[in-house]
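Listed below are the residues making up each chain.
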Amino acid sequence: MTRRLGLAACALLFTTCAAFKDLGRLVDKQADPFALVDNGYRCKAIQTTPVPWEEEYAVGGAVALGLAAKSGGFGVDPATAGGGARPDSSAADQLNLALAEIGLNLASYSARPEIPWTFGALNSDVANAYSAPSGYVFVTHGLLAKVENEAQLAGVLAHEIGHVTKRHALRVFAVEKSWVCLAMLKGEEVGLTRVQLGDGRTVPKIELGKMAKGKLNGFFDTVIGKIVEKGYAQADEYEADAVAAELLLAAGYDPREYQKLLRSLPEGAGVWPNHPPPKERAAKLDPVIAEMGAGFGLDQAPKVPLDPRLASARRPPAR
Amino acid sequence: MPAGLAALSALAVKPGGTLYIKTKDTKVLEKPDPKSKVLGLLQPGGSVTWRGADPGNRLMHKIEGTDSRGHKLEGFVLQGNLTPSQLSPEYLKRDDGKPIDPEAFRSSGAATKALDEAAIDYAQAKQMPQQAERLQALEAISRSVTAQRLAERSRALGLATAQLDMPGDSLKPAKKRGTR
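Residues numbered from 1 in each chain as written. Chains lettered and ligands numbered in written order. Predicted model: local features only at pLDDT ≥ 70, side-chain atom pairs only at ≥ 80, totals over all residues. Heavy atoms only, no water.

Draft legend 1. Main features of the interface of chain A and chain B. Listed per partner, the contact involves 83 residues of chain A and 71 residues of chain B. Summed over both sides, the interface between chain A and chain B buries roughly 6500 Å², with carbon and sulfur atoms accounting for 60% of that surface. When the area that chain A buries against chain B is broken down by residue, the three leading residues are Leu65(A), Glu114(A) and Gln300(A), summing to 11%. The closest approach of N and O atoms between Glu101(A) and Arg149(B), which form a salt bridge, is 2.9 Å. Seen at the junction of chain A and chain B, the total is 21 residue pairs in polar contact (both at pLDDT 80 or more). Looking at which element gives the most residues to the side of chain A that touches chain B, the answer is helix 4 (residues 53–70) of chain A, with 11 residues. (Contact = heavy atoms within 4.5 Å. Buried area = accessible area lost by both parts, 1.4 Å probe. Salt bridge = Lys/Arg side-chain N within 4 Å of Asp/Glu carboxyl O. Polar contact = N/O pair within 3.5 Å; in protein donor to acceptor, adjacent residues only side chain to side chain. Helix = DSSP H or I, 4+ residues; strand = E, 2+ residues; numbered from the N terminus.)

And the structure:
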């Protein structure tokens, strides 16, 4: 717009057009920091380039650990974690096994059925659920104490599956990666490598495996901070809810139970202030459920009670 | 209708719309009866026109699709074989441009490795190696769940299933339940 105004003024006043053009370029560059640096566009392109699986797996594990640090840790039998017990040997692991069975069934209907999905409980009394790239999905003991039936729990898990399949966290990751790239182009020491082009110029190549460990961990901290502290955009939450409704219908649950859960949550529920109100999220699901529900025989959906293995979530968590 | 609601409505699939096949060798049956004639097989990632659940058996859905040889098929499939989600591109194209299906992705080993080394290093740097161990334990628990176990559990609860040939499988129509 600024450039257009400059050119219009140039045409009207027959003054020095070159000067106006330069002004326009300067203003545009100020709006886009990637345009201020030679080859900056290469860094900006990272924001829209698909994240390779290996990187998704690495950042997913780090985000999962960051979530555990902020949410009371994973609710796993310590004996199992040390490799000294069978996966089904305790109430805590029975709970995790039940979550895995419910979650994996839902994930099998998702756009990414074969990534190594991992489901589990977090030892926090705050009702919430989280996900991390590469298929990590967690619910807190506080949320498990709130759900009334399996369809409601499945809705929560399916919502988190939606964040993973829509790659919401990876978008945050890619943006942060592009900033690291830009910092490198500006000559800052970020622990990355450069690759030489045929014409002798060098450009940054962002590969997590080539980052120094200290720098990589700092990068993970930044990404985790963005995802864990700020949460996703409102549009991402609505999109994950729509995925949840689809997965619930496909798996045979009644998605209206998920709406019921959302409506039961108090205003301002959830960790992040930028989350849309739960009741508004529930209302926005109405058209999705109305359109698909008729074809899926919604009114004949079974009423599935909570799996008895989830009962340990109502007791004090193992720490 | 507010813009946000309209956008979500556009995401919804309705009968006449497109669903996708999620199970290898999905049987297309002549009638909504698991014992009826098999008309052909459909493969994961393929799209079908969805006509909705059979009125007498909500877990059998009428579809129209095309098999790998280009033959048109019109019949019934189990609900568990259908998904509203188009498979992610990671399964459809590799670097060489050749298609890869979910099973090939899984068997490549990419989908089965344990917690990434970079994440373990991160846990050690943050002095939470115990949480890394617990996360690996959770991964092991989820890996221990078999497709057979998921199918058995879904069947027992009256949820959708993808398999026809399980022991004791009669796939009776669901009992009529009250409308909420």
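Draft legend 2. Highlighting the state of the cysteines. Residue and element names in this part refer to chain A. The final tally for this structure, using the stated rule, is one disulfide over all chains. Between the sulfur atoms of Cys43 and its disulfide mate Cys181 the distance is 2.0 Å. What sets the handedness of the Cys43 and Cys181 disulfide is the S-S torsion sign, and at about -70 degrees it is left-handed. Remark: Cys181 occurs in helix 9 (residues 168–185) and Cys43 occurs in helix 3 (residues 40–45); sequence separation between them is 138 residues. Its relative accessible area of 0% is what places Cys43 among the buried residues. Judged by its relative accessible area of 2%, Cys181 falls in the buried class. (Disulfide = S-S within 2.5 Å. Buried < 20%, exposed > 50% of the residue type's maximum accessible area, 1.4 Å probe, protein only.)

Draft legend 3. Focus on the packing of helix 6 (residues 91–107) of chain A against helix 8 (residues 150–165) of chain A. Residues and elements named next belong to chain A. For the pair helix 6 and helix 8, interaxial distance at closest approach is 10 Å and the crossing angle is 60 degrees. Regarding the angle of helix 6 to helix 8, the classification is oblique. Considering the relative orientation of helix 6 and helix 8, their crossing is right-handed. In this structure, helix 6 contributes Leu99, Ile102, Gly103, Leu106 and Ala107 to the contact, and helix 8 contributes Glu150, Leu153, Ala154, Leu157, Ala158 and Ile161. Of the residues belonging to the contact of helix 6 with helix 8, the class tally is nine nonpolar, one polar and one charged. (Axes fitted to C-alpha atoms, helices over the stretch in contact; angles between N-to-C directions. Parallel < 35°, antiparallel > 145°, perpendicular 65-115°, else oblique. Left-handed = near helix turned anticlockwise from the far one by under 90°. Nonpolar A, V, L, I, M, F, W, Y, C, P; charged D, E, K, R; others polar.)

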